[in-house]
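Here's the letter readout for the chains.
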Amino acid sequence: MLTISAGHYGKGTGASGYMDEGEETVSLVQELGKKLQQKGVKVNVIIDKQSKNQQQNLTYIVKQHNATQREMDVSIHFNSAAAQQKDGIGTEVLYVNPAISSFAQKMSTEIAKAGKFKNRGAKQRTNLAFLNGTAKKAILIEVCFVNSEQDVKLYRSNKNQIIEAIAETLKSYFPNTAPAPPAPPVKPTPAPDPQTITIKALQQKVEAIFNDKEAVREQLKLGIQIGAFQPLWLENFDRGQLTLYDYIALTTLQYQKNISNV
Ligand SMILES: [Zn+2]
């Protein structure tokens, strides 16, 4: 169980450059939440829709994280450099509690790999409200830099892979996570094929006629009388050796004889 949040509260509330941090963190966290659920990871998703300034936003996020049941707190941000630049700058993951530093390093590596970013690695930061205020082990992910043209281009092309990498890495922190049970397959009872019904009904009718031994015997005698087939078929019938197939075949011969006699 973990809790994730967007580090800002909508468009224009974070850094901006080739894309808008506030807007993109909200979108990324929503998609990450869905991805984690698909992977069977229990997740609380926090999106701030009420704050009016950065201070309110930080207070809100920390309070909401601490109100949830979880073993880890994760916040999503995008980074910003002093000036816009063409070159890539990369991914970094911030933490304050040394117990989570190797996990932060792993997260940075995996995001950088998925997004083809430079890997700036894990960095301990002791002055961030989110890391200091949340009660569980926490990481703050700076996916890439909004004012690096290259980073934003890579982010846009690799967004799905980045979300997948973050989700997989978070999942790996909870080794006992059972995958979400697959929805039971909808198994409609197949409607009987009309053709099948027709064939079945025909078979039953013919069998009923064949089982009326007296009527069959009279019919065979008649067939012999008109010369449709040999008397040995009646002998076979009397010995119990006439099959249903024989009977149908003899009936066909009898029918043909009748027609040719007309
Ligand atoms: Zn930020």
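Note that the coordinates shown come from a computational prediction; the quantities given were computed from them, not determined experimentally. (Residues numbered from 1 in each chain as written. Predicted model: local features only at pLDDT ≥ 70, side-chain atom pairs only at ≥ 80, totals over all residues.)

Draft legend 1. View of the sheet that holds strand S2 (residues 43–46). The six strands are arranged S2-S1-S3-S6-S4-S5 in an open sheet whose pairing can be described as mixed. Edge positions in the sheet fall to S2 and strand S5 (119–124), since each of these pairs with one other strand and no more. Put simply, the sheet's adjacent strands are angled 20 degrees from each other on average, direction ignored. Here strand S1 (residues 2–6) runs beside strand S3 (residues 72–79); their pairing, made up of five bridges, is parallel. Directly across from Ile4, in S3, lies its bridge partner Val74. On the sheet, helix H2 (residues 54–66) packs against S1, S2 and S3 and is oriented at approximately 165 degrees with respect to S1. The strands touched by helix H3 (residues 101–115) are strand S4 (91–95), S5 and strand S6 (137–145); relative to S5, the strand with the most contacts, the crossing angle is about 155 degrees. (Pairing = 2+ DSSP bridges. Helix = DSSP H or I, 4+ residues; strand = E, 2+ residues; numbered from the N terminus. Axes fitted to C-alpha atoms, helices over the stretch in contact; angles between N-to-C directions. Contact = placed C-beta atoms within 7 Å.)

Draft legend 2. Seen up close, the packing of helix H1 (residues 21–38) against helix H5 (residues 149–173). Axis separation between H1 and H5 bottoms out at 9 Å; the angle between their running directions is 50 degrees. Viewed along their axes, H1 and H5 adopt a mutual orientation that is oblique. Considering the relative orientation of H1 and H5, their crossing is right-handed. When H1 is examined against H5, the residues Leu28, Glu31, Leu32, Lys35 and Leu36 are found in contact with a partner set consisting of Ile163, Glu164, Ile166, Ala167 and Leu170. Residue composition of the contact of H1 with H5, grouped by class: seven nonpolar, no polar and three charged. (Parallel < 35°, antiparallel > 145°, perpendicular 65-115°, else oblique. Left-handed = near helix turned anticlockwise from the far one by under 90°. Nonpolar A, V, L, I, M, F, W, Y, C, P; charged D, E, K, R; others polar.)

Draft legend 3. A look at the packing of H3 against H5. Interaxial distance between H3 and H5 falls to 7 Å at its minimum, and their mutual angle equals 150 degrees. Relative to H5, the element H3 is oriented roughly antiparallel. Relative to H5, H3 is oriented so that their crossing is right-handed. Packed against H3, whose contacting residues are Phe103, Lys106, Met107, Glu110, Ile111, Lys113, Ala114 and Gly115, the element H5 presents Leu154, Tyr155, Asn158, Gln161, Ile162, Glu164, Ala165, Ile166, Thr169 and Tyr173 at the interface.

Draft legend 4. Focus on the nonpolar core. Of all hydrophobic cores here, the largest spans 46 residues; its most connected members are Tyr95, Ile111, Ile139 and Ile141. Setting aside residues no more than four positions away along its own chain, Tyr95 makes contact with Ile100, Ser101, Ala104, Ala122, Gln124, Leu131, Ala138 and Ile139. (Core = buried A, V, L, I, M, F, W, Y, C linked by C-beta atoms within 7 Å. Buried ≥ 20, exposed ≤ 12 C-beta atoms within 10 Å, placed from the backbone.)

Draft legend 5. Broad picture of unusual backbone geometry. In this structure, Lys116 is a non-glycine residue whose phi angle is positive, near 60 degrees. Among the structural elements, Lys116 can be located in the loop between H3 and S5.

Draft legend 6. Inspection of H2 at higher detail. Taking 1.5 Å of rise per residue, 13 residues should cover 18 Å, and H2 covers 18 Å from first to last C-alpha, within 8% of that figure. Buried residues of H2: Asn57, Ile61, Val62 and His65, and no others. Projected down its long axis, H2 carries its buried residues within an arc of 125 degrees, all on one side. Exposed and facing more than 90 degrees away from the buried side of H2 are Gln55 and Lys63. Turning to H2, the residues buried within the fold contact S1, S2, S3 and helix H4 (129–133). (Expected span 1.5 Å × (residues − 1). Arc of directions from axis to C-beta.)

Draft legend 7. View of the pairing of S1. Where burial is concerned, most of S1 is hidden: five out of the five residues are buried. In S1, alternate side chains face the same way, and those of Leu2, Ile4 and Ala6 on one face and Thr3 and Ser5 on the other are all buried. Two elements, S1 and S2, share four bridges in a ladder whose sense is parallel. Along S2, the bridge assignment pairs Leu2 with Val43. In terms of handedness, the path from S1 via H1 over to S2 forms a crossover that is right-handed. (Right-handed = clockwise from strand over helix to strand, strands pointing away.)

Draft legend 8. Summary view of H1. The end-to-end C-alpha distance of H1, which contains 18 residues, comes to 25 Å, matching closely the 26 Å that a straight helix rising 1.5 Å per residue would cover. For H1, the full list of buried residues reads Glu21, Gly22, Glu24, Thr25, Val26, Leu28, Val29, Leu32, Gly33 and Leu36. In the stretch just after H1, Gly40 is the one whose phi turns positive, near 80 degrees.

Draft legend 9. Inspection of the pairing of S3 at higher detail. Burial analysis of S3 places eight of its eight residues in the buried class, the great majority of the element. Both faces of S3 are covered, namely the face carrying Met72, Val74, Ile76 and Phe78 and the face carrying Asp73, Ser75, His77 and Asn79. Sheet topology places S3 next to S6; seven bridges connect them, and they run parallel. Residue pairing in the sheet places Ile76 in a bridge with Ile141 of S6.

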